[in-house]
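Coordinate analysis (summary)
Okay, here's what each chain looks like letter by letter:
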Amino acid sequence: MKTKQRGRKIQLILNGKVAGNDALRTAILRQRATGHRIGVRVTWERGDARRFVSEGGEVDLLIAAGGDGTLNEVLHGLMNLSRRAQPVLGVVPLGTANDFANGCGIPRDTEKALALCLEGAALPIDVGKANGHWFINAASVGFGAEVTATTSPELKRLLGPAAYAVMGAILALNVHQYYGRLTLPDREITGSGPVAIVGNGSQTGGSFQVAPRARIDDGLLDVLVVRHIPATALLTAARELQQLSTDGEYISYWQTPWAEVHPEETIPVNLDGEAVRFSTVRYEAVPGAIRLIVPPDCPLLSANAK
C-alpha cells in the first residue's frame with residue numbers, strides 16, 4: 001500500500017501570497033525524500049487555481065494549500081471535471097480563517113496537514129451549489145469576519161458562545177436588511193432578516209460555529225436565519241441560538257436538501273470567500289460530489305456525530 005501511494009502523481013496548488021512559507025517547503029522536501037512525487041504550482045491571480053486543476057492532466061491527488069478562497073477555486077476546477085477524472089482532494093490550511101479545514105479537524109500544523117494528505121483515507125463528501133456556483137463550506141449573507149473582533153467582553157460573559165451570532169445580527173442590522181421569501185421543501189417563510197447562513201460545513205467568519213449540526217456526508221444543507229433582534233430580546237435570541245429550532249421567533253434553523261431565496265432586491269452572497277450577487281438563488285446539496293481526505297475523527301462526518 002505504501003509503495004502504491006508513493007507512485008501516485010500529486011499536484012499541490014499553492015496560494016502565491018504564502019509561497020514563501022518555509023514550513024511547507026521543508027515538509028514537501030521531506031516527503032519527496034521518502035518517494036512522494038509532489039509537483040507544485042503557485043497562483044498569482046484570481047482564477048489560477050481553477051485553471052491549474054483543468055490543466056493538471058491525470059492527477060491522483062490534488063492538494064489545495066492556502067485559505068478558504070483557494071479551496072473554493074480548486075473546488076470549482078474539480079467540479080468542471082468528470083467524476084472519473086476527479087483526483088482525490090487534500091487540504092493544507094495556510095489562510096487567515098481556514099474555516100472549512102478547522103471544522104474538519106485538519107491539522108493546523110503544516111507538516112502534519114501534508115502528511116494527512118499523503119497518508120489519510122479519502123471519503124466521498126457533499127458540496128453545495130448556489131445557482132451556477134459551488135461552495136464546500138458556507139454561503140452567507142450579512143455576516144462578516146469582523147464579528148468576533150467586535151464582540152465586547154461584557155456581552156461574551158452575558159451570553160456565552162451565543163454572543164458571536166447575536167453580535168453578528170446586530171452588526172448586520174447597521175448595514176442592511178433584506179426582505180423576501182425563503183422556500184424550503186415543506187414550508188415558505190416571508191419576512192426580513194439581516195443574517196442568513198447556508199452551511200455544508202459548520203463554521204465561518206473566523207471559526208464561528210454557525211451550523212453546529214452540519215455534516216459533510218449527510219446530503220443536507222444547514223440553514224440558519226437570524227431576523228431583526230431588538231436590544232430587549234438579546235437573551236431570548238441567545239436561548240434560541242442554543243436550541244436551534246425551526247420555529248424560533250428571532251433565530252431559526254433547518255436541515256434541508258435545498259432552499260430557495262427570492263429577495264425583493266439583489267443580495268450580496270459570500271461563497272467560501274467568493275463575493276457574488278444574486279437576484280434569486282437556489283441552494284442545493286450535491287451528495288458525494290468529491291472525495292476528500294479528512295482525519296478519521298473528523299467532527300463533520302455523520303459517523304462521528306455526538
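Residues numbered from 1 in each chain as written. Predicted model: local features only at pLDDT ≥ 70, side-chain atom pairs only at ≥ 80, totals over all residues. Heavy atoms only, no water.

Residues L12, I63, V74, V92, C104 and I290 are the most contacted members of the largest nonpolar core, which totals 49 residues. Look past the residues within four positions of C104 in its chain and what remains in contact with it is I216, L292, V294, P295, C298, P299 and L300. Listed in part, the 21 residues of the second largest apolar core include V141, A259, I267 and V281. (Core = buried A, V, L, I, M, F, W, Y, C linked by side-chain atoms within 4.5 Å. Buried < 20%, exposed > 50% of the residue type's maximum accessible area, 1.4 Å probe, protein only. Contact = heavy atoms within 4.5 Å.)

With 84% of its residues at a pLDDT of at least 70, the protein reaches an overall mean of 86. No element of the protein has a lower mean pLDDT than helix α7 (residues 146-150), at 44, and none a higher one than strand β4 (residues 88-93), at 98. (pLDDT = per-residue confidence, 0-100. Helix = DSSP H or I, 4+ residues; strand = E, 2+ residues; numbered from the N terminus.)

Of all the seven residues making up strand β1 (residues 9-15), six are buried; the element is thus mostly covered by neighbouring parts of the structure. Pairing analysis gives seven bridges linking β1 to strand β2 (residues 37-43), with the strands arranged parallel. Opposite N15, over in β2, you have T43 as the bridge partner. What joins β1 to β2 is helix α2 (residues 22-33), and the crossover it makes is right-handed. Relative to strand β3 (residues 61-66), β1 runs parallel, the two being bridged by five bridges. Counterpart to I10 in the pairing with β3 is L61. (Pairing = 2+ DSSP bridges. Right-handed = clockwise from strand over helix to strand, strands pointing away.)

What follows deals with the pattern of salt bridges. Applying the stated criterion across every chain, the model contains ten salt bridges. In this structure, the salt-bridge partner of R25 is D22, at a minimum N-O distance of 2.8 Å. With a gap of three residues between them, R25 and D22 both fall in helix α2, about one helical turn apart. Judged by relative accessible area, D22 falls into the exposed class, the value being 53%. Linking R51 and E55 is a salt bridge whose minimum nitrogen-to-oxygen distance equals 3.3 Å. Within this pair, R51 and its partner E55 are both found in helix α3 (residues 48-55), separated by four residues, close to a single helical turn. Through salt bridges with shared partners, a single ionic network connects R41, D48, R51 and E55. (Salt bridge = Lys/Arg side-chain N within 4 Å of Asp/Glu carboxyl O.)

Here the focus is the side chain of E240. Residue placement: E240 occurs in helix α10 (residues 234-243). Among the residues examined, E240 registers a relative accessible area of 10% and is labelled buried. Ignoring sequence-local partners within four residues, the contact set of E240 consists of S245, G248, E249, Y250 and I251.

Moving on to unusual backbone geometry. One non-glycine residue, N98, adopts positive backbone phi at about 50 degrees. Looking at the secondary structure, you find N98 in the loop between β4 and α5 (99-104).

In the structure shown here, the tally under the stated rule is one aromatic pair. Centre to centre, the rings of F135 and Y283 are 6.3 Å apart; their planes meet at 80 degrees, and the pair counts as edge-to-face. With F135 in strand β6 (residues 133-135) and Y283 in strand β18 (residues 281-293), this residue pair connects regions lying 148 residues apart in the sequence. We note R282 situated over the ring of W258; from NZ or CZ to the ring centre the distance is 4.5 Å. (Phe/Tyr/Trp six-rings, centres within 6.5 Å; stacked < 30°, edge-to-face > 60°. Lys NZ or Arg CZ within 6 Å of the ring centre and 35° of its normal.)

Looking now at the environment of R51. A residue is classified by how much of its surface remains accessible, and R51, at 37% relative accessible area, is partly exposed. Remark: the alpha-carbon pair of R51 and H76, spanning 25 residues in sequence, is separated by 9.4 Å.

A disulfide bridge is the covalent bond that connects two cysteines by way of their sulfur atoms. A full pass over the atoms with the stated rule returns zero disulfides. Left without a disulfide partner, C298 is nearest to the cysteine sulfur of C104, which lies 4.3 Å away. C298 gets classed as buried once you look at its relative accessible area, which sits at 0%. (Disulfide = S-S within 2.5 Å.)

Before going further, it helps to examine the packing of α2 against helix α6 (residues 110-119). Contact geometry of α2 with α6 gives a least axis separation of 9 Å together with a crossing angle of 40 degrees. With respect to α6, the axis of α2 lies oblique. In this structure, the crossing between α2 and α6 has a hand that is right-handed. Facing A23, L24, A27, I28, R30 and Q31 of α2, the residues of α6 in contact are T110, E111, L114, A115 and L118. Within the contact of α2 with α6, the residues separate by chemical class into seven nonpolar, two polar and two charged. (Axes fitted to C-alpha atoms, helices over the stretch in contact; angles between N-to-C directions. Parallel < 35°, antiparallel > 145°, perpendicular 65-115°, else oblique. Left-handed = near helix turned anticlockwise from the far one by under 90°. Nonpolar A, V, L, I, M, F, W, Y, C, P; charged D, E, K, R; others polar.)

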